[in-house]
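Given next are the chains, with one letter for each unit.
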Amino acid sequence: MFKMGKTIFEKIWGQHKVDSIEGGPDILFIDKQFIHEVTSPQAFEGLRNRKTGVRRPDRVVATTDHNVPTIDQHLPIQEELSRLQVSKLEENCKEFGIDFYGLSHPYQGIVHIIGPELGITQPGMTIVCGDSHTSTHGALGTVAFGIGTSEVEMVLATQCILQYKPMTMRINIDGKPGKGVTSKDIILYVISKLTASGGTGYFIEYSGSTISSLSMEARMTICNMSIEMGARGGIIAPDQVTFNYIKGRKFAPEKENWSKKEKEWSQLFSDPDARFDKEYSFKAEDIEPMVTFGTNPGMGIGISEHIPFDLDESDKSLQYMGFMPGDQLLNKPIDYVFLGSCTNGRIEDFRAFTSIVKGRKKADNVTSYLVPGSKLVEAQIKDEGIDKILNNAGFELRQAGCSACLAMNEDKVPEGKYCVSTSNRNFEGRQGPGSRTILASPLTAAASALTGKITDPRVFI
Amino acid sequence: MKPINIIKSTAVPVPIENIDTDQIIPARFLKATSKQGFGDNLFRDWRFRNDKKDPEFPLNNPSFKGKILIAGRNFGCGSSREHAAWALKGYGFDVVVSSFFADIFKNNALNNGLLPITVSPDFLHYLIDLVISDPETIIEVNLKNQTIREFIKGNQEYFDINPYKKDCLLKGFDDIAYLISIKPEIKSWEALNNK
């Protein structure tokens, strides 16, 4: 009988399907759940009300990231509600026997940074977290997606989730990206073409020569922003780049177990005859450094381009941003720069930023938040002497957390101020009430921090 | 969860597209450890400007009230925060009508007995215009029949909902309780698959 090939997504999904409900969702086994302080307390409360425990505490990892301060982390958290939420998580983890990487732990950091860097995230896994950017882990060949708190409770209670199988989409990107074009620019370009809802209902596989040539961390930036198109998740087939990245990490398989796992992981690719429900192809050569001009991540343009002339002056997002149709963003004055988040808070992002600002000076009118994604990233920054180069250029390094990406802590952008941000969302008020966010790559953020204006990083390369 | 079948009410129109969950409930209000109280800060930064109510925003217009929110396409995009569903429910909405919903929000809404009803773009615009011209317009959502109907001219549309989910909502049945009830099956699957 003719047997149709499978996509990598379908393979992993199939390997984790416990059962399916007739006319309803599949019951999917979850290999790993990450939890944090903001979307978990009500889930634990639910467990208590049901008088049930955490079924597989060995498959849950907790950290604090969303609301933690990024200075003086050795002191008690000043803000009362944040302090309560963080201590609640610690209590819950203690009560239910869950590994907890709190502020005083060397592994603390943004959930989506620490999973891969500790070798917890491994190809072929199913991973969930009460956070939409869980899609990041897909870069290592996992089926990873964000869930709500009821679902966090569901997975804590049973290690399974009821889930409808999404449709499949493949996005091919081929060619060699030009000077100053990073994976952040690639994904902002793709989102600008597909719009903020173009991926809704789909699980996206990214492939093509451009994707294969990207480093592991650059791939994470791509998968991270899948949700900004509404996609359930993003995935990249694991290859030698993936295996080299994982090998030797804290929780990576060791010795004979490693070769067994590597063999297994090598089977995770989409069969040549696999069919996708939707497919798009883009050329890397068409992409230049990208910036957003509006209030959703789909509103992006090349840095040399103009805001579309056919937009209405009264467009809600343009009014909010204080821009006009036809404006060029190049040379518009800015006030803040944010380097960090699960999108661009890894060591390569700090290296990229530093490559531009090294030996130069930050503009006086720019306030910067430079926030490592984890304690391990922070340690690596110091090991490589990057912090000194940054200091000499007039920047200060902060401590690990989500920080100004969603401004739950003190790191906010004031009303009306412009921030060139390496994070993932430019929604109204995302970086603080009234803040105006321009999403860009670490290179563009660095170049703009030097001039105090939106600046094409290619000028400094 | 309480069983749901028929919801009959006036409606509040917020005809804006791509309403993300950061607008529904801004991040700075996510620090509570219970599900209560989020309704107070629903659409906080659109309802209030400099701590004063913005009279332009429909939720502040006394003629618009009811249990049904009608909003533009791609409602609930962005963050996975279930607090968005809690805020809408806490404020008093039982239904959100739009022509397109973001996936995670839709799941979160259904898990909290908040009905996300997807209608055609034409019917959405029709309903918005109708409610704006006559805020007393009564709209009825009938889950069993999968219909949404307005009582001015009697026009209605059929909506889709997964039969499993529909059954759960009609009975007030809870997904988690179901999964807990099949724990033995999950355990044997784990043993078989070396998990």
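Residues numbered from 1 in each chain as written. Chains lettered and ligands numbered in written order. Predicted model: local features only at pLDDT ≥ 70, side-chain atom pairs only at ≥ 80, totals over all residues.

(A) View of the overall build of chain A. Secondary structure assignment for chain A yields 16 helices and 18 strands. Relative to its length of 461 residues, chain A is compact, with a C-alpha radius of gyration of 21 Å against a globular reference of 23 Å. For the C-alpha atoms alone, the extent of chain A along its principal axes is close to 60 × 55 × 45 Å. Buried positions account for 61% of the 461 residues belonging to chain A. The contacts in chain A between residues at least 6 apart in sequence include a share of 75% that link residues at least 24 apart. (Helix = DSSP H or I, 4+ residues; strand = E, 2+ residues; numbered from the N terminus. Rg over C-alpha atoms; globule rule 2.2 N^0.38 Å. Buried ≥ 20, exposed ≤ 12 C-beta atoms within 10 Å, placed from the backbone. Contact = placed C-beta atoms within 7 Å.)

(B) Expanded view of the overall build of chain B. Summing up its helical and strand segments, chain B has 8 helices and 10 strands in all. What you see for chain B is a C-alpha radius of gyration of 18 Å, in line with the 16 Å of a compact globule of 195 residues. Expressed along its principal axes, the backbone C-alpha trace of chain B runs to roughly 60 × 40 × 25 Å. Taking all 195 residues of chain B together, the buried fraction comes to 43%. Taking as baseline every contact in chain B between residues at least 6 positions apart, the subset at least 24 positions apart corresponds to 68%.

(C) Region of interest: the interface of chain A and chain B. In this complex, chain A contributes 52 residues to the contact, which on the side of chain B involves 40 residues. Considered class by class, the residues forming the side of chain A that touches chain B number 19 nonpolar, 22 polar and 11 charged. (Nonpolar A, V, L, I, M, F, W, Y, C, P; charged D, E, K, R; others polar.)

(D) Examining the sheet that holds strand E5 (residues 99-101) of chain A more closely. Residues and elements named next belong to chain A. What the 5 strands build is an open sheet, ordered E5-E4-E3-E6-E7; its pairing is parallel. On the outer flanks of this sheet lie E5 and strand E7 (143-146), each paired with one strand and no other. Along the sheet, successive strands turn relative to each other by an average axial angle of 20 degrees, direction set aside. Two elements, strand E4 (residues 60-63) and E5, share 3 bridges in a ladder whose sense is parallel. Residue pairing across strands places Thr63 opposite Tyr101, the latter belonging to E5. (Pairing = 2+ DSSP bridges. Axes fitted to C-alpha atoms, helices over the stretch in contact; angles between N-to-C directions.)

(E) The arrangement of the domain arrangement of chain A in detail. Residues and elements named next belong to chain A. What the domain assignment lists for chain A is domain 1 (9-163), domain 2 (167-268 + 276-285) and domain 3 (289-460). Computed over C-alpha atoms, the centres of domain 2 and domain 3 are 23 Å apart. Domain 2 puts 19 residues into the contact, and the matching count from domain 3 is 21 residues. A total of 6 residues in the side of domain 2 that touches domain 3 trace back to one element, the largest contributor, which is helix H6 (residues 183-194). Residues of the side of domain 2 that touches domain 3, tallied by class, amount to 7 nonpolar, 7 polar and 5 charged. (Domains from an automatic or database assignment.)

(F) Main features of the pairing of E4(A). All names here are of chain A. With burial as the criterion, each face of E4 is covered, one bearing Val60 and Ala62 and the other bearing Val61 and Thr63. Summarising the sheet, strand E3 (residues 32-35) and E4 pair through 3 bridges and their orientation is parallel. Within E4, the position partnered with Phe34 by the bridge is Val61. Handedness of the β-α-β unit built from E3, helix H2 (residues 41-50) and E4 comes out right-handed. Taking the sense of rotation as the criterion, the β-α-β connection linking E4, helix H3 (residues 80-96) and E5 turns out right-handed. (Right-handed = clockwise from strand over helix to strand, strands pointing away.)

(G) Region of the structure containing the packing of H6(A) against helix H8 (residues 216-224) of chain A. Residues and elements named next belong to chain A. The interhelical angle for the contact between H6 and H8, taken along N-to-C directions, is 20 degrees, at an axis separation of 8 Å. Taken as axis vectors, H6 and H8 run roughly parallel relative to one another. H6 and H8 meet at a crossing whose hand is right-handed. Between H6 and H8, the residues in contact are Ser183, Lys184, Ile186 and Ile187 and Ala218, Arg219, Thr221 and Ile222, respectively. Here the contact of H6 with H8 is built from residues that sort into 4 nonpolar, 2 polar and 2 charged. (Parallel < 35°, antiparallel > 145°, perpendicular 65-115°, else oblique. Left-handed = near helix turned anticlockwise from the far one by under 90°.)

(H) Quick peek at helix H6 (residues 163-171) of chain B. Residues and elements named next belong to chain B. Within H6, the full set of buried residues consists of Lys165, Cys168 and Leu169. Buried residues of H6, seen end-on, are gathered within an arc of 95 degrees and therefore sit on one face of the element. Opposite its buried face, H6 presents the exposed residues Pro163 and Lys171, each directed more than 90 degrees away. Where H6 is buried, its residues contact helix H4 (103-110) and helix H7 (175-181). At the C-terminal side of H6, Gly172 shows a positive phi close to 70 degrees. (Arc of directions from axis to C-beta.)

(I) Inspection of unusual backbone geometry at higher detail. Residues other than glycine seldom take positive phi values, yet A:Asp72 does so here, at roughly 50 degrees. Residue placement: A:Asp72 occurs in the loop between E4 and H3. Looking at A:Asp72, the number of C-beta atoms within 10 Å reads 10, which means it is exposed. Its identity is not glycine, yet B:Asn194 carries a phi of approximately 60 degrees, on the positive side. Its location among the elements puts B:Asn194 in the segment after helix H8 (183-192).

(J) Main features of the pairing of strand E17 (residues 418-421) of chain A. Residue and element names in this part refer to chain A. Of the two faces of E17, the one lined by Tyr418 and Val420 and the one lined by Cys419 and Ser421 are each fully buried. The pairing of strand E15 (residues 336-339) with E17 spans 3 bridges and is parallel. The partner of Phe338 across the bridge, within E17, is Ser421.

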